[in-house]
Amino acid sequence: MHTLISRQLCCTATQLSQSACASRQADVSAYKMRTKICCSNGICPSSCPPTFPLLYPARIKPLSLFMMYRFTTLLIVLSALLLSTFAAPLAVDASVLAKRTHVGRGTWYHPGYGACGQTNGDNDAVAAMSVQSFSTSNCGQWVYITNTANGQSTSAQIVDSCESCDTNSLDMSPGVFGKLADLSVGVIQIQWG
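Note that the structure is predicted; figures quoted are calculated from it, not measured.

(A) Quick peek at the overall build of the protein chain. Counting its regular elements, the protein chain contains 6 helices and 6 strands. Ordered by position from the N terminus, the helices and strands of the protein chain form the series α-α-α-α-α-β-β-β-β-β-α-β. Counting across all 193 residues of the protein chain, residues that qualify as buried make up 29%. Residue pairs in contact within the protein chain that sit at least 24 positions apart in sequence constitute 71% of those at least 6 positions apart. Accessible area of the protein chain: about 12700 Å², with a carbon and sulfur share of 61%.

Put into structure tokens, the structure is as follows:
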């Protein structure tokens, strides 16, 4: 019992935890022998602590903060590279793109209450599709429109159907048509999708 108390005092004096003091069975007996020499009557003199670190191998230093930072950075970069390979765009067949692009006539009209159930004005970026192509699933879709004669482009939202339009044609608000050509032109060739 006296040895156990002395051991606890000497461990405290050397700032070693009890688990560190007793972690290696081979060192326990040497520790007890030094405890008897060093700590008599449960008192540890100041000359005792320097002898105790010799009983235990040097502790392995934990990874420095810099090494942890480098490891974390490397892990993040590798994860990003791995994820980017899965997110890479797939090659698209040209025929699929051609089906999404329409070529037709572009005209303008004064929008009001449309087939999608909303009211729009002349300055709104809206357009109407031909009745043959229109369905309620087109409501709210944005299309990119290009004047094939001068290359001017803009976007518009489908909000209505157009009875007088050909299958691939659009009827646009004055605000949209004015970005592609002068309103006095009236009809232009467009590509949209």
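Text resumes after the structure shown.
(B) Representation of the sheet that holds strand β5 (residues 170–172) in the model. Spatial ordering of the closed barrel is given by β1-β5-β2-β4-β3-β6, a layout of 6 strands whose pairing is mixed. The mean angle between the axes of side-by-side strands here comes to 45°, regardless of whether they run parallel or antiparallel. Sheet analysis places strand β3 (residues 142–147) next to strand β6 (residues 188–192), joined by 3 bridges and oriented antiparallel. Opposite Thr146, over in β6, you have Gln191 as the bridge partner.

(C) Quick peek at the pattern of salt bridges. Taken as a whole and assessed by the stated rule, the structure comprises 1 salt bridge. A salt bridge links Arg105 to Asp166, with the nearest nitrogen and oxygen atoms 4.0 Å apart. On the criterion of sequence distance, the pair formed by Arg105 in strand β1 (residues 102–108) and Asp166 in the loop between β4 (153–162) and β5 is long-range, its members being 61 residues apart.

(D) Structural detail: the pairing of β1. Where β1 lies against β6, 5 bridges are found, and the strand directions are antiparallel. If you follow Gly106 over to β6, its bridge partner there is Ile188. Alignment of β1 against β5, held across 3 bridges, turns out to be parallel. Within β5, the residue paired with Thr107 across the bridge is Asp171.

(E) Examining the environment of Trp108 more closely. By the secondary structure assignment, Trp108 is in strand β1. With 68 residues separating them along the chain, Trp108 and Val176 place their C-alpha atoms 8.3 Å apart. Once residues lying within four places of it in the same chain are set aside, the contact partners of Trp108 are Asp171, Met172, Ser173, Pro174, Phe177, Leu183 and Gly186. Engagement of the side chain of Trp108 in a polar contact is seen with the backbone oxygen of Leu183, the distance being 3.1 Å.

(F) Expanded view of the nonpolar core. Core analysis: the biggest nonpolar cluster contains 16 residues, and Ile145, Ile158, Leu170, Met172, Ile190 and Trp192 have the highest contact counts within it. Elements represented by at least two residues in this core include exactly β2 (126–130), β3, β4, β5, α6 (174–180) and β6. Setting aside anything within four residues of it in sequence, one finds Ile145 in contact with Gln152, Ser153, Thr154, Ala156, Leu170, Met172, Val176, Leu180, Ile190, Gln191 and Trp192.

(G) Quick peek at the state of the cysteines. Scanning the entire structure with this criterion turns up 2 disulfides. Here Cys116 pairs with Cys139 through a disulfide, and the sulfurs are 2.0 Å apart. Looking along the S-S bond of the Cys116-Cys139 disulfide, the torsion reads about -90°, which is the left-handed sense. Of this pair, Cys116 sits in the loop between β1 and β2 while Cys139 is found in the loop between β2 and β3, placing the two residues 23 residues apart along the sequence. Since its relative accessible area comes to 27%, Cys139 is described here as partly exposed. Disulfide pairing places Cys162 opposite Cys165 at an S-S distance of 2.1 Å. Classification of the bridge connecting Cys162 and Cys165 rests on its S-S torsion, roughly 80°, and on that basis the disulfide is right-handed. Among the residues examined, Cys165 registers a relative accessible area of 6% and is labelled buried.

Definitions and limits used
- Residues numbered from 1 in each chain as written.
- Predicted model: local features only at pLDDT ≥ 70, side-chain atom pairs only at ≥ 80, totals over all residues.
- Heavy atoms only, no water.
- Helix = DSSP H or I, 4+ residues; strand = E, 2+ residues; numbered from the N terminus.
- Buried < 20%, exposed > 50% of the residue type's maximum accessible area, 1.4 Å probe, protein only.
- Contact = heavy atoms within 4.5 Å.
- Areas by Shrake-Rupley, 256 points an atom, 1.4 Å probe, with all protein chains shown as cover.
- Pairing = 2+ DSSP bridges.
- Axes fitted to C-alpha atoms, helices over the stretch in contact; angles between N-to-C directions.
- Salt bridge = Lys/Arg side-chain N within 4 Å of Asp/Glu carboxyl O.
- Polar contact = N/O pair within 3.5 Å; in protein donor to acceptor, adjacent residues only side chain to side chain.
- Core = buried A, V, L, I, M, F, W, Y, C linked by side-chain atoms within 4.5 Å.
- Disulfide = S-S within 2.5 Å.

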